[in-house]
Structure formats: C-alpha cells, structure tokens
Amino acid sequence: MKKYLYLYNPYSGSQTGGHELDKILGTLYKNQIYTVPHRLFSLEDDPVLDTLLADRDTFDAVLISGGDGTVGQMIDKMIKAGNDTPVGIIPSGTCNDFARNLKMPAGLMDCLSVFCQGNTAKVDLLKINASGKEQYICNSIAAGVFVGVSHTTSPEFKKVFGSLAYYIAALGELADMKTFHITVETEKETVQTEALVFAVLNGTDVGGMKNLISEADIQDGLMNIMIVKNCNPVERAAVGINLLAHKGDKNIISLNCSRCKISTDKDMDVSLDGENGLKLPFEIEMLNQKLNVLVPDTFTQS
C-alpha cells in the first residue's frame, strides 16, 4: 500500500481541503493509498510541518490542497529540505494558476483519480536570490499597479480582485497611477523602461487569465517576462483589451530567458505566487524540470 502526506489549508478559496477530508481519505484508501493528513495551522511557524516536509523516505507523494500561495510555500519548504517527493495539487484557492498549468482538473474526485493513477512529470521552478535570501516560486513574480492590493485585502475581496485580468483591464480607467523605472538584465539583453507593471511567468496561466502567454512551456527551462510600459490612458485601455484577447501591443515588452536580474528605482510590493515576498532587486534563475508532480494524462511532457 502506498503512503501519501496530505496538507490542507482550511482557509483557501473554496475550503474544499478541510470540508471533504473524509471523502479524500476514504477514496484514496479504497485505491490502496494510506493518507496522513496535516492541517496547516501556520505556514511560517509549524515544526511538525517542517519535519514532515523534510521526510524524503516515508511518503510516496505529498498532496497539497490550497491556492497558489499555499502550494508555493509548501514546495519552497520541500525544495529547501532536499525533498524531491512527487507533489499533487488539489486546486482550492482563488486563481489556481499552477494547477491549471499542470492541466489538473477542477473537481475534487477527478483530482483524486489523478493521484490514484500516479503519473508523474518534471516541471520548471523559478528561484529568486535577494541579498542572499532564496525562495522557490512555482508560477509567477509580479510588481506594479494593483499588485499590493492582494496583500492588504481580505480573502473575500481577493476573490474579486485576485485576477490579473481585472488588474490590467482596469489600467485604462485610472488616470493617476504611479510608474517606476525598471531594469531587466538577461543573458541576451538589457531592457530599461518606465513601467506600470511587470510579471515573470512559469507557464501560460497567471492571475486567473488562461493562456496569457500561449508559447510559454512549463518544462522548457525558460521564464517569460512581460513588462507593461507607461503610456497614456487611451493606450492603457488598449493594453488591457489586447491582453485579454491574446494580441500583441506596442506597449508590452516580452522577453524569455533562463536567468535575469531585475531592479527598480522604487521600493515596491512584490507578489510571489500571489503572496507578499522578497524585495527588489533580485536575481531569478529558472531551474529546468526541478519539481516532480503528479499529473493527468492530458499533461504532455516536452
């Protein structure tokens, strides 16, 4: 019989992870999987959690129920502990971008079916180094207009404003927005511009927007960088429309690289997988196929 560790955040989005605990344990047990549940009381200070995530031998997989923030923090802890046990995700947060990039189904029973099948793949991870402090990121890094909103609002309000689609679509409606000067240095080029927002992506989906960068590949060892340049209100509206329609725009700079350094002229809130994180400036490295994940048959390896 296999043995899985199940971590759940009872406060994430739909709160599926805690409410459906008996169904989860029972379904997995019927499929010859004994599951050890652990409720996430504190993501920062939980010695029992740290011990479980450092255990590289006991469990055949680590299942995580939560949103992008919870998933990212658990994977960060695992990688730092040298634990490469396969990870399975039950998407129960606001946006669930990383789960969608893995083609995970939205329904709980369909997710459990994926875990029972046990198919695995290796996907990329972003690694940030800020003044010697390191953090591993599953899906996205972003800063600029509206990014700070997600750090200061209630979970209920995040359900409304948690999508990058709404952030960018609203650019054309606001006349007085703070801009910043950004410098991005990659192994191929250096870009400097006055910007409204930037995002570094691992995969096609971010902020609830599906297929934002259609050519992105979560297994190719490359990060995709998007910078929205400062522009007049009319052009800002066009930027939002073109992004939602997956079209190019003269005020959007697109880059891809395996490593970069990003700095700005202002102290800014930075969103790491949707949560407040390390401060700029920092260096980012893409770790090619660093993470083992449980995936459905619809996920195609490169």
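For the structure itself, look to the data block above.
Residues numbered from 1 in each chain as written. Predicted model: local features only at pLDDT ≥ 70, side-chain atom pairs only at ≥ 80, totals over all residues. Heavy atoms only, no water.

Here's the deal with the nonpolar core
Item 1. Of all hydrophobic cores here, the largest spans 47 residues; its most connected members are Leu7, Ile75, Phe98, Leu102, Phe115 and Leu291.
Item 2. When neighbours within four sequence positions are excluded, Phe98 is seen to be in contact with Asp68, Val71, Ile75, Ile89, Val123, Cys138, Asn139, Ile218 and Leu291.
Item 3. Ile137, Ala143, Cys260 and Val270 belong to the second largest nonpolar core, which has 29 residues in total. (Core = buried A, V, L, I, M, F, W, Y, C linked by side-chain atoms within 4.5 Å. Buried < 20%, exposed > 50% of the residue type's maximum accessible area, 1.4 Å probe, protein only. Contact = heavy atoms within 4.5 Å.)

Points about the pairing of strand β3 (residues 61-66)
Item 1. Burial analysis of β3 places six of its six residues in the buried class, the great majority of the element.
Item 2. Burial of β3 is two-sided: the residues Ala61, Leu63 and Ser65 facing one way and the residues Val62, Ile64 and Gly66 facing the other way are all buried.
Item 3. Pairing between strand β1 (residues 2-8) and β3: five bridges, direction parallel. Across the sheet, Tyr4 pairs through a bridge with Ala61, a residue of β3.
Item 4. Relative to strand β4 (residues 87-91), β3 is paired through five bridges, and the arrangement is parallel. Each bridged residue has a counterpart across the sheet, and for Gly66 the counterpart in β4 is Pro91.
Item 5. At this point the chain moves from β3, through helix α4 (residues 68-80), to the parallel β4, and the crossover so formed is right-handed. (Helix = DSSP H or I, 4+ residues; strand = E, 2+ residues; numbered from the N terminus. Pairing = 2+ DSSP bridges. Right-handed = clockwise from strand over helix to strand, strands pointing away.)

Things to note about the packing of aromatic side chains
Item 1. Enumeration over the complete set of coordinates arrives at two aromatic pairs.
Item 2. Between Phe180 and Phe198, the ring centres sit 6.4 Å apart and the planes meet at 65°, which makes this aromatic pair edge-to-face. Residue Phe180 is found in strand β8 (residues 180-186), and its partner Phe198 is found in strand β9 (residues 190-201); the two are separated by 18 residues along the sequence.
Item 3. Overall, the relative accessible area of 1% leaves Phe198 in the buried class. (Phe/Tyr/Trp six-rings, centres within 6.5 Å; stacked < 30°, edge-to-face > 60°.)

Details of helix α2 (residues 21-30)
Item 1. Taken together, the buried positions of α2 are occupied by Ile24, Thr27 and Leu28. Viewed along the axis of α2, the buried residues span an arc of 95°, placing them on a single side of the element. Turned more than 90 degrees away from the buried face of α2, the exposed residues are Asp22 and Lys30.
Item 2. One or two positions beyond α2, positive phi appears at Gln32, with a value near 65°. (Arc of directions from axis to C-beta.)

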